[in-house]
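For reference, the chains in residue letters:
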Amino acid sequence: MAKTLPKVDVVTVGVGWTGGILAAELAKDGMKVVGLERGKERSTEDYLHGHDELRYALRYELMQDTSKETITFRNNRKQRALPMRQLGSFLLGENLGGAGVHWNGQTYRFFPYDFEIKSMTEKKYGKGKIKDGYFVQDWGITYDELEPYYDQFEKACGISGEENPMAGKRSNPYPTPPMKSTRSLDKFAEATKELGYKPYRIPSANLSEPYKNQYGLQINACQYCAFCERFGCEYGAKSDPVISVIPAAQESGNYEIRYHSNVTEVIYDGSKVTGVKYVDVQSGEEFIQPAEVVALTSYVMNNVKFLLMSDIGQKYDPKSGQGVVGRSYCYQILPGATGFYEEEQFNTFMGAGALGTSINDYYGDNFDHSELDFIHGGVISITQTGKRPIANNPTPPDTPRWGKEFKSNSIKYYTRTLTIGSQGASLPYKENFLDLDPTYKDAYGLPLLRMTYNFTDQDKKLQKYITQKTAEISEKMGASKTVPNPELTDYSIVPYQTTHNTGGAIMGADPNSSVVNSYLQHWNAENLFVVGASAFAHNGGVNPTDTVGALAYRAAEGIKKYRKNGGSLV
Amino acid sequence: MSEQEKYSRRDFLKKSGYAAGGVVGGGLLASFITMQVMEDDPKTKNQSDGGSDDQFNDAFMFFTNRDDFRVLASSCERVFPEDENGPGAIKLGVPFFIDHQLAGPWGNNTKEYMQGPFYKGEPTQGYQSRMNRGEIFRMGIKKLKEKSQSDYQKSFQELSTEEQDKILTAFENDEVKMTGTTSAEFFELMRAATIEGVYADPMYSGNRNMEGWKMKQFPGAQMSYIGKIESDKFVDIEPQSLHSMLNK
């Protein structure tokens, strides 16, 4: 029998970026906030001896324990979904700060085009441009409306950057100047300028100088130690939820984090939610935490899973195309090209997660799509995130995968390759969706989330086109040999690609085609907010965290309004 | 221990011309190298430390018999052989690295979802074996031994490197029948673990004396590159390990 606890104003399910931002904003405003975190506490002091590629990058020290909970996966509805038994394609986070601790810190805004993709595409190219089966839609919010929230998140992080001439208008400059540049970044900048593009430095949450944010919290200067992605920062120089927002909530005296607390149900009475049920995973005790407002602030997968398990909103049915929960799951694709340099050796082992330079000339509709059989595009970048030796063994094509020649080439080219990469936008397709698995269960007896996903024709065409552009840049940079990424085939859950999963509980202006409104308030439960990349109506062609942070600030404002006035916010 | 086994590896390599980058004939007995895995350890002992001569870590946590361990060691050496760049998997301690990894959480799949039902699945669905990695290694090594006997009537360590490569290639191409797993799955695990052992921090028993890092010019666990990141030239830095960071 679950024990019912005293009611609070707000309970958040998960304490990462979104849970941390809501807590900071709402607790400061006087609300009693409880954060339920399934994992453990952790802090900057825990990362001092963390320069260990095996433990953190290969054995996933900071990631979700998939023995307890994972997803199942299949490429299409005809296949039997099987458990993702180990992490691979993407790395789910766990413990305080969630995936916000092991991110790289690349903090781009989405572009005005993203939020009005359908209207803008149809206006310019006509209604037939968006092919049947693709649920491309406007987000129910414009870039200009979201801009103040981007500004708040970037101030919380202290983002280091410079004006991007092709981006949406900014109300304020970046809080700190761009990071230092390197030989390889300079080569990219020169080559792209020569090709007529407009390079700019990647906006970075690894800070170029010490910074104090709006909560009075200190973020330090990056040391370029090259252990960012999959690692925590021992300097407190990579903005993350634990250093940038959570202490602000704690200082208010209105915030409590309960660790080892795994939520199993959102309690829903058909029109409102009344709280959540959770289990203390160490004692096995069950609790009910009643709340005026429930915010789902876990990663994409569990935000959607809670809605499906608690039966809130209409589930997506791929046969009829009806329903919204679980629909519009998107990912990203990775066009790119690797340049091999016979004459020059680079300091590829140095770097920082967001150290890089980009162009947006092939983003969104910045290039003409009249003659192209796809829409959108992606950022093109060079990054110097720090190549570590186990995972980085670049060899020219035709090199065997093991043996003497493999050894020689992988050693030689470790410091003699530069990759030009892209993140291709991902558009929702009717056959790509999330639902509950009928067979497999997690450690608490709850169904696993089932992912049905494959790359689409749109993805394949975009991949091919942008890959060609990256190869041209690589050649212009003077690579002795450029090897373009292969064309897309079937999506595989096995090799790491990107932890930029989105959708499943998307935002929009119409309850028939979205789960939440522009304040991330659920259409079917006015006191439930579903916050995170689960709300993205499609995935853009840059890193998602800035938009996740902006939406969290937007939701915080929504919750404040809701606590004052109640009812639907739109 | 036979005279042959006592024969120092360094002398052997010198005489065979191997260390100097000479051509390695197909007749080279890999057994010569692997026999010494346990008896003639990689020379990583730093006498000036005043420390013990013993490599206490060079003992079995997972394996139970020497022959299995030697088969593994020979396989790893084929994946990452000694050459003009520097030491191979054996000298780097990779077999002990793998032994220790198999004895721990990785070998026992403690962070993997291991609930049934189990089905073979599509390649895009990844690991679907009901066996853990330790069990896959045990079976893979058993199959390596069997295939050596059936193809060449010799033990795996007695084969020439070319013969060993042929057998390993058959595993890689999934041509060897295994139950509960596949020969390709075993091969991929062995290959990946070998590379891990070459380049993981030396505290895990591989990458002896940071020789893996030195070959690749990776400086290990450095605290900061802020003074070097803007350099136009390549910067060669003496590596350091987590042990030395802890003791600073």
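The structure displayed is predicted, hence computed values, not measured ones.

## A look at the pattern of salt bridges
Residue and element names in this part refer to chain A.
Here's step 1: Under the defined criterion, the tally for this structure stands at 46 salt bridges over all chains.
Here's step 2: Ionic pairing is found between aspartate 151 and lysine 155, a salt bridge with its closest N-O pair at 2.8 Å. Of this pair, aspartate 151 and lysine 155 both sit in helix H5 (residues 143–157), 4 residues apart, which is roughly one turn of that helix.
Here's step 3: A relative accessible area of 9% means that aspartate 151 is categorised as buried.
Here's step 4: For lysine 155, a relative accessible area of 32% puts it in the partly exposed group.
Here's step 5: Linking arginine 183 and glutamate 344 is a salt bridge whose minimum nitrogen-to-oxygen distance equals 2.6 Å. Here arginine 183 is found in helix H6 (residues 183–194), whereas its partner glutamate 344 is found in the loop between strand S13 (336–340) and strand S14 (356–359), with 161 residues between them in sequence.
Here's step 6: When salt bridges that share partners are traced, they join Arg38, Glu69, Glu94, Lys305 and Asp442 into one network.

## A short note on the UniProt feature "domain: Glucose-methanol-choline oxidoreductase C-terminal" (unreviewed entry) in chain A
Here's step 1: Using the residue numbers shown here, the UniProt feature "domain: Glucose-methanol-choline oxidoreductase C-terminal" (unreviewed entry) corresponds to residues 428–552 of chain A.
Here's step 2: Helix makes up 22% of residues 428–552 of chain A and strand 22%, whereas the separation of the span's terminal C-alpha atoms amounts to 22 Å.

## Focus: the sheet that holds strand S16 (residues 417–424) of chain A
All names here are of chain A.
Here's step 1: Pairing is antiparallel in the open sheet, where 6 strands are placed in the order S6-S14-S15-S16-S13-S19. Since the sheet does not close on itself, it has two edges, and those belong to strand S6 (200–201) and strand S19 (481–484), each with one partner.
Here's step 2: Both S14 and strand S15 (residues 378–383) contribute to a ladder of 4 bridges, which runs antiparallel. Considered in S15, the bridge of glycine 356 is made with threonine 383.

## Points about helix H8 (residues 161–172) of chain B
All names here are of chain B.
Here's step 1: The end-to-end C-alpha separation of H8 is 16 Å, in line with the 16 Å expected for 12 residues at 1.5 Å each.
Here's step 2: The set of residues buried in H8 consists of Thr161, Gln164, Ile167, Leu168, Ala170, Phe171 and Glu172.
Here's step 3: Looking one or two residues past H8, aspartate 174 carries a phi angle of roughly 65°, positive in sign.

## Topic: the nonpolar core
Here's step 1: Core analysis: the largest hydrophobic core is formed by 210 residues, its most contacted members being Phe90(A), Leu528(A) and Phe137(B).
Here's step 2: It is helix H12 (residues 545–565) of chain A that contributes the most residues to this core, 9 residues altogether.
Here's step 3: Excluding anything up to four places from it in sequence, Leu528(A) contacts Val266(A), Val273(A), Val294(A), Leu296(A), Leu307(A), Ile312(A), Leu520(A), Gln521(A) and His522(A).

## Comments concerning the packing of helix H5 (residues 66–79) of chain B against helix H7 (residues 133–152) of chain B
All names here are of chain B.
Here's step 1: Remark: H5 packs on H7, axes separated minimally by 10 Å, with the N-to-C direction vectors making an angle of 85°. It follows from the interaxial angle that H5 and H7 lie roughly perpendicular. Side by side, H5 and H7 meet where Asp67, Asp68, Val71, Leu72 and Ser75 of the first sit next to Phe137, Ile141, Leu144 and Lys145 of the second.

## Focus: the side chain of Thr470(A)
Residue and element names in this part refer to chain A.
Here's step 1: Counting through the fold element by element, threonine 470 comes out in helix H11 (residues 457–476).
Here's step 2: According to the relative accessible area criterion, threonine 470 is buried, its value standing at 0%.
Here's step 3: A polar side-chain atom of threonine 470 sits 2.6 Å from the main-chain carbonyl oxygen of threonine 467.
Here's step 4: Setting aside anything within four residues of it in sequence, one finds threonine 470 in contact with Gly336, Ala337, Ile380, Ile420 and Ser422.

## Topic: helix H10 (residues 404–413) of chain A
Here's step 1: Buried residues dominate H10(A), accounting for 7 of its 10 residues.
Here's step 2: For H10(A), the full list of buried residues reads Phe406(A), Lys407(A), Ser408(A), Asn409(A), Ser410(A), Ile411(A) and Tyr413(A).

## Examining the packing of aromatic side chains
Residues and elements named next belong to chain A.
Here's step 1: Going through the model one piece at a time under the given rule, you end up with 46 aromatic pairs over all chains.
Here's step 2: Ring geometry for phenylalanine 90 versus tyrosine 331: centroids 6.2 Å apart, planes at 75°, classification edge-to-face. Here phenylalanine 90 is found in the loop between strand S5 (82–83) and helix H3 (112–115), whereas its partner tyrosine 331 is found in the loop between helix H9 (300–309) and S13, with 241 residues between them in sequence. Each of the two residues, phenylalanine 90 as well as tyrosine 331, counts as buried.
Here's step 3: The residue whose ring lies beneath arginine 170 is tyrosine 174, and the NZ or CZ to ring-centre distance is 3.6 Å.
Here's step 4: The ring of phenylalanine 227 carries arginine 388 above its face, with NZ or CZ at 5.4 Å from the centroid.

## Some words on the pairing of strand S18 (residues 447–452) of chain A
The two faces of a sheet get side chains in turn, since along a regular strand they alternate between them.
Residues and elements named next belong to chain A.
Here's step 1: The buried fraction of S18 amounts to 6 of the 6 residues, a majority that puts the element mostly inside the structure.
Here's step 2: Alignment of strand S4 (residues 71–74) against S18, held across 4 bridges, turns out to be parallel. Paired with isoleucine 71 across the two strands is leucine 449, which belongs to S18.
Here's step 3: Here 5 bridges tie strand S17 (residues 433–441) to S18, and the two strands are oriented antiparallel to one another. Following the sheet pairing, aspartate 435 is matched in S18 by arginine 450.
Here's step 4: A loop of 5 residues connects S17 with S18, the two strands running antiparallel in sequence, and glycine 445 in this loop sits at a positive phi of about 80°.

## Some remarks on the packing of H5(B) against helix H9 (residues 183–199) of chain B
All names here are of chain B.
Here's step 1: One can describe the packing of H5 onto H9 by two numbers: an axis separation of 9 Å at closest approach and a directional angle of 75°. In terms of orientation, H5 and H9 fall into the roughly perpendicular class. Across the interface between the two elements, Leu72, Ser75, Cys76 and Val79 of H5 pack against Met190, Arg191 and Thr194 of H9.
Here's step 2: Of the residues assigned to the contact of H5 with H9, the class counts are 4 nonpolar, 2 polar and 1 charged.

What counts and how
Residues numbered from 1 in each chain as written. Chains lettered and ligands numbered in written order. Predicted model: local features only at pLDDT ≥ 70, side-chain atom pairs only at ≥ 80, totals over all residues. Heavy atoms only, no water. Salt bridge = Lys/Arg side-chain N within 4 Å of Asp/Glu carboxyl O. Helix = DSSP H or I, 4+ residues; strand = E, 2+ residues; numbered from the N terminus. Buried < 20%, exposed > 50% of the residue type's maximum accessible area, 1.4 Å probe, protein only. UniProt positions renumbered as here; feature names shortened; annotations may be inferred. Pairing = 2+ DSSP bridges. Expected span 1.5 Å × (residues − 1). Core = buried A, V, L, I, M, F, W, Y, C linked by side-chain atoms within 4.5 Å. Contact = heavy atoms within 4.5 Å. Axes fitted to C-alpha atoms, helices over the stretch in contact; angles between N-to-C directions. Parallel < 35°, antiparallel > 145°, perpendicular 65-115°, else oblique. Polar contact = N/O pair within 3.5 Å; in protein donor to acceptor, adjacent residues only side chain to side chain. Phe/Tyr/Trp six-rings, centres within 6.5 Å; stacked < 30°, edge-to-face > 60°. Lys NZ or Arg CZ within 6 Å of the ring centre and 35° of its normal. Nonpolar A, V, L, I, M, F, W, Y, C, P; charged D, E, K, R; others polar.

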